[in-house]
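Residue-level structure breakdown
Chain by chain, the residues run as shown.
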Amino acid sequence: MTRASRLAAASLAIAVTVLALKAIAWWLTGSVALLADAVESIVNVAASATALAAVLYSQRPADANHPYGHAKAEYFSAVFTGVLIVVAAISILREAWFALREPRTPDQPALGLAVSALATVVNAAWAWVLIRRGRALGSPALRADGRHLLADVVTSLGVIAGVWLVVLTGELWLDPALAAATAANILWSGFRLMRESVGGLMDEAVAAESLERIRSLVSSHAEGAIEAHDLRTRQAGRFTFIEFHLVVPEEMRVGEAHAICDRIEAALKAELEPAVITIHVEPPHKAKHRGVVVV
């Protein structure tokens, strides 16, 4: 297994552990807010399982039917996670409505909140690992899983504080109100997650900072060429796809032009590996006098 797939497998195991802890916290207290927190953890388990499957599939090598590889499978995982989040939020709102009509005092709040706090600490530590390693490995599925866990941590902290407030004040309506607020927060995180994933499926260009870095690398390593234009980029999972036209002098030999392309590719791959780079070499009359100026 690769590092990404090992992380995804570990994420699934941790998600199941956290779900068990949060289910115990809800069982001990009967709090609908803690139930909402546990329902979100069910989504985490499903999301982690989907992320593992997507990471494993995305690592398949390119074939005749998928000449650009299978990296985009990770975006489908993130979209599916977003859909699950929406379903979970609707379920939580339903439970909050019933609890608002018949509020009840939480049982064994101290013990239940202690168990919930333990689950939150585990989630926070693992979210940090997933976001950090997902960014390093260029895995949108791992980053999406980490960001969702981080949103779950924020939600859990609010729920723990709120349930404790219910116990201190005796204001029982706060419990279902917290559950409803949790659902709203989950919906927002789900919307953001799906928006980013759909962007990947629609072949959005790389971020502005990355694009500027690519232009700078092409400019500084294309010595001997005239210009580079029609630069296009896209991100597919951990792969960055880059293509552009490189204008060279009329008298330049094919071998010399090829050497410039090799130099540019080496510089880009050193910065953006893994990257797929396509360079189309053109004669001087194809120059557009715009794009990347060679320095």
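Residues numbered from 1 in each chain as written. Predicted model: local features only at pLDDT ≥ 70, side-chain atom pairs only at ≥ 80, totals over all residues. Heavy atoms only, no water.

In this section: the overall build of the chain. Looking only at helices and strands, the chain features eight helices and four strands. When the helices and strands of the chain are read in sequence order from the N terminus, they spell out α-α-α-α-α-α-α-β-β-α-β-β. Relative to the 2.2 N^0.38 estimate, which gives 19 Å for 295 residues, the radius of gyration of the chain is 25 Å and therefore markedly larger than a compact globule would have. Oriented by its inertia axes, the alpha-carbon framework of the chain measures out at about 85 × 35 × 30 Å. Among the 295 residues that make up the chain, the fraction classed as buried is 45%. In the chain, the share of contacts with a sequence separation of at least 24, taken over all contacts with a separation of at least 6, comes to 76%. Counting every atom, the chain has about 14,700 Å² of accessible surface; 64% of that belongs to carbon and sulfur. (Helix = DSSP H or I, 4+ residues; strand = E, 2+ residues; numbered from the N terminus. Rg over C-alpha atoms; globule rule 2.2 N^0.38 Å. Buried < 20%, exposed > 50% of the residue type's maximum accessible area, 1.4 Å probe, protein only. Contact = heavy atoms within 4.5 Å. Areas by Shrake-Rupley, 256 points an atom, 1.4 Å probe, with all protein chains shown as cover.)

Below, the discussion takes up the environment of Leu-19. With respect to the helices and strands, Leu-19 occurs in helix α1 (residues 3-29). Residues Leu-19 and Ser-41, spaced 22 residues apart in sequence, show a C-alpha to C-alpha distance of 5.2 Å. Excluding residues that lie within four positions of it along the chain, Leu-19 makes contacts with Ala-38, Ser-41, Ile-42 and Val-45.

Here we take up helix α2 (residues 32-58). For α2, spanning 27 residues, the distance from its first C-alpha to its last is 38 Å, which sits close to the expected 39 Å at 1.5 Å a residue. Burial analysis of α2 places 21 of its 27 residues in the buried class, the great majority of the element. (Expected span 1.5 Å × (residues − 1).)

Let us now look at the nonpolar core. Nonpolar side chains in soluble globular proteins tend to end up buried together. Counting residues in each nonpolar core, the largest one holds 23 residues, and the members touching the most others are Val-218, Phe-244, Leu-246, Ile-264 and Leu-268. For this core, the elements supplying multiple residues, two or more each, are α7 (208-221), β2 (239-247), α8 (254-272) and β3 (275-282). Looking at which element gives the most residues to this core, the answer is α8, with seven residues. Val-218 has contacts with Ala-228, Phe-244, Ile-264, Leu-268 and Val-292, leaving out every residue within four places of it along the chain. (Core = buried A, V, L, I, M, F, W, Y, C linked by side-chain atoms within 4.5 Å.)

It is worth spelling out the packing of aromatic side chains at this point. A ring pair, where both rings are aromatic, is described by two values, the distance of the centres and the angle of the planes. Using the criterion set out here, one finds zero aromatic pairs in the structure. We note Arg-234 situated over the ring of Phe-241; from NZ or CZ to the ring centre the distance is 4.0 Å. (Phe/Tyr/Trp six-rings, centres within 6.5 Å; stacked < 30°, edge-to-face > 60°. Lys NZ or Arg CZ within 6 Å of the ring centre and 35° of its normal.)

Tracing the backbone through its elements, the reader meets His-229 in strand β1 (residues 227-236). The exposure class assigned to His-229 is buried, which follows from its relative accessible area of 1%. Of the polar contacts made by the side chain of His-229, one reaches the side chain of Glu-282; its length is 3.1 Å. Look past the residues within four positions of His-229 in its chain and what remains in contact with it is Phe-244, His-245, Val-247, Glu-282, Lys-286, Ala-287, Lys-288, Arg-290 and Gly-291. (Polar contact = N/O pair within 3.5 Å; in protein donor to acceptor, adjacent residues only side chain to side chain.)

What the four strands build is an open sheet, ordered β3-β2-β1-β4; its pairing is mixed. Every interior strand has two partners, whereas the edge strands, β3 and β4 (292-293), have only one. Of the strand pairs in this sheet, β2 and β3 are connected by eight bridges, and their pairing is parallel. Counted as the bridge partner of His-245 is His-280 from β3. (Pairing = 2+ DSSP bridges.)

What follows deals with the environment of Leu-111. Looking at where Leu-111 falls in the secondary structure, it is placed in helix α4 (residues 109-137). For the pair Leu-111 and Ile-24, spaced 87 residues apart in the sequence, the C-alpha separation amounts to 9.8 Å.

Glancing now at a nonpolar patch on the surface. Where nonpolar side chains cluster on the molecular surface, the patch consists of Trp-97, Phe-98, Leu-100 and Trp-173 and spans about 460 Å² of accessible area. Accessibility expressed as a relative area gives 43% for Leu-100, which makes it partly exposed. (Patch = residues over 30% accessible without salt bridge, like charges linked within 9 Å, V, L, I, M, F, W, Y side chains within 5 Å. Salt bridge = Lys/Arg side-chain N within 4 Å of Asp/Glu carboxyl O.)

Moving on to the environment of Thr-240. Positionally, Thr-240 belongs in strand β2. For Thr-240, the contacting residues outside a window of four places in its chain are Val-206, Arg-234, Gln-235, Leu-272, Pro-274, Ala-275 and Val-276.

With that settled, the discussion passes to the pattern of salt bridges. Overall, the coordinates contain three salt bridges when judged by the stated rule. Across the salt bridge formed by Arg-213 and Glu-271, the nearest N and O atoms sit 3.2 Å from each other. With a gap of 58 residues between them, Arg-213 in helix α7 and Glu-271 in helix α8 connect regions that are remote in the sequence. Glu-243 is the partner of Arg-232 in a salt bridge, and the nearest nitrogen-oxygen pair spans 2.6 Å. Of this pair, Arg-232 sits in strand β1 while Glu-243 sits in strand β2, placing them 11 residues apart in sequence.

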